[in-house]
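# A structural walkthrough
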Amino acid sequence: MPRTPNAVPVYRRHKPTNQAVCTIRLSGGGSKQLYLGRYKSAASRAEYERVVALVVANGGVYPAAGQDVTVNEALLAFVRFAERHYRDQDGKPTGTADDLKLTLGYVRRLFGRTLLSDFGIPQLKTVRDAMVRDGRVRTQVNKRVSQVRQFVRWCVEEQLVSPSVLEGLRAVRPLAPGRSGAKEGKPVAPADPSAIEKVLPLLSPAVRAIVALLRLTGARPGEVCRLRPGDLDRTKPDLWRYAVARHKGTWRGKARTVYLGPEAIRVLTPWLDGCGPEEFVFTPARSEAARSAERAAARVTKRWPSHMRRNDEKRARSRRKLAPRYDRQSVARAISRACRKAKVTPFSAYQLRHLRAVELRERYGLETVRAVLGHSFKAMSDHYSQAADAELAGRAMAAAG
């Protein structure tokens, strides 16, 4: 006679992942393994007791939460949530939702028709392998795998799937360097100071000032682009404080102050003339006015009335609409164009921040880097300033070795 299956699932160990696991019977006649958490942990025992209670109360069959929900249905609900949730103080999308959509596109293409309750370790590894085959670097693959777990965590919170599904996915370890088959990304180096000097003359006046301030203060591009005179504390003539109204850590309730020394003050001061307290300092309109003033000052030919009338007519016919202020994307495009013109190694605005971190680390130490760049943890400051270690080690051994 065939053996009668146990009505109560058995708590046992899954050796490859050291997870507690039990096999449950489904209403459709099949069976499924549920991962409960770390083997012999209090959390796994509690989850096991919960599963047993559900099975006993349901006549020996596990009533899996959301077992009729497909991955596609859950993805649609999650994307709607992400589009509402990930917005800045002005209600504009932050870009996080688009990044999540890119990641979850892999899940949709590979397992969209799969039941959400069946999305387990093999499926997550398949998604990860697809990312590796697409040529994504190892660190980015690990980040996007975490985003898939974030999606499943939200599904658990919304009671679309059992917590055991998320527990199983947590057993998947990140890809290790040199052992995964995924290509390694190139470390981001600080900007080359000589390249910066060649690029500056090729930038528009406002972007030139923004780049100079990024180079001197170590601020983020968005922080400088949103600068308003009313945000400045100019009590001390040789040290201004810029209280950033909105920044990367605003949603955590964290304050951010950018410090401007004498050189940064010299760069910024001309742009404050005629700028209201609540107006943005760096706008395309003010930059165009400054550019016109520079060209007029360098003009050597006479200003003929016919030429001036023609220029006025061209400006009147122009349909070009200028943005209310510069943003990090427009600054990045301007820097990229100038790098091509100057025929130097391209650098980004964040590499200017990286360069400042290296210089501060070398001269003042890691704690100063953390304070100036506004990091909560020293590990993040160390990430930006590791290039200084090689310089310090080289100098020391050149003198003592």
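First things first, this report covers the structure right here in the doc. (Residues numbered from 1 in each chain as written. Predicted model: local features only at pLDDT ≥ 70, side-chain atom pairs only at ≥ 80, totals over all residues. Heavy atoms only, no water.)

## Section: a positive patch on the surface
On the surface, a cluster of positive charge is contributed by Arg13, Lys15, Lys40 and Arg45. Tracing the backbone through its elements, the reader meets Lys40 in the loop between strand S3 (31-38) and helix H1 (42-57). (Patch = residues over 30% accessible without salt bridge, like charges linked within 9 Å, V, L, I, M, F, W, Y side chains within 5 Å. Areas by Shrake-Rupley, 256 points an atom, 1.4 Å probe, with all protein chains shown as cover. Salt bridge = Lys/Arg side-chain N within 4 Å of Asp/Glu carboxyl O. Lys, Arg positive; Asp, Glu negative; His and termini not counted. Charge placed at Lys NZ, Arg CZ, Asp CG, Glu CD. Helix = DSSP H or I, 4+ residues; strand = E, 2+ residues; numbered from the N terminus.)

## Some thoughts on the environment of Val224
Here Val224 lies in helix H9 (residues 221-225). Distance in space between the C-alpha atoms of Val224 and Leu214 is 7.4 Å, their sequence separation being 10 residues. When near neighbours in sequence (up to four residues on either side) are disregarded, Val224 contacts Ile210, Leu213, Leu214, Ala219 and Phe282. (Contact = heavy atoms within 4.5 Å.)

## What about the sheet that holds strand S5 (residues 239-243)?
With antiparallel pairing, 3 strands are arranged side by side in an open sheet as S4-S5-S6. Every other strand in the sheet has two partners, leaving strand S4 (232-236) and strand S6 (257-260) as the edge strands with one partner each. The mean angle between the axes of side-by-side strands here comes to 25°, regardless of whether they run parallel or antiparallel. Note that S4 and S5 share 3 bridges and pair antiparallel. Bridge pairing in S5 places Asp233 opposite Arg241. Lying on the sheet, helix H10 (residues 262-272) is in contact with S4, S5 and S6; it crosses S5 at an angle near 65°. (Pairing = 2+ DSSP bridges. Axes fitted to C-alpha atoms, helices over the stretch in contact; angles between N-to-C directions.)

## A closer look at the nonpolar core
In this structure, Leu260, Leu268, Phe282 and Phe347 are the most contacted members of the largest nonpolar core, which totals 45 residues. Counting only elements with at least two residues in this core, the list comes to helix H7 (193-199), helix H8 (205-217), H9, S5, S6, H10, helix H13 (328-342) and helix H14 (349-364). Sorting elements by how many residues they give to this core places H8 first, with 8 residues. Formed by 38 residues, the second largest nonpolar core is a distinct cluster that contains Val21, Ala97, Ile121 and Val148. (Core = buried A, V, L, I, M, F, W, Y, C linked by side-chain atoms within 4.5 Å. Buried < 20%, exposed > 50% of the residue type's maximum accessible area, 1.4 Å probe, protein only.)

## Overview of the sheet that holds strand S2 (residues 19-25)
Spatially, 3 strands are ordered S1-S2-S3 in an open sheet, and the strand pairing comes out antiparallel. Each edge of the open sheet is held by one strand with a lone partner, namely strand S1 (12-14) and S3. Going across the sheet, the axis of each strand differs from the next one's by a mean of 45°, ignoring polarity. Where S2 meets S3, 7 bridges bridge the pair, whose relative direction is antiparallel. Each bridged residue has a counterpart across the sheet, and for Ala20 the counterpart in S3 is Gly37. Of the strands in this sheet, S2 and S3 are in contact with H1, which crosses S3 at around 150°.

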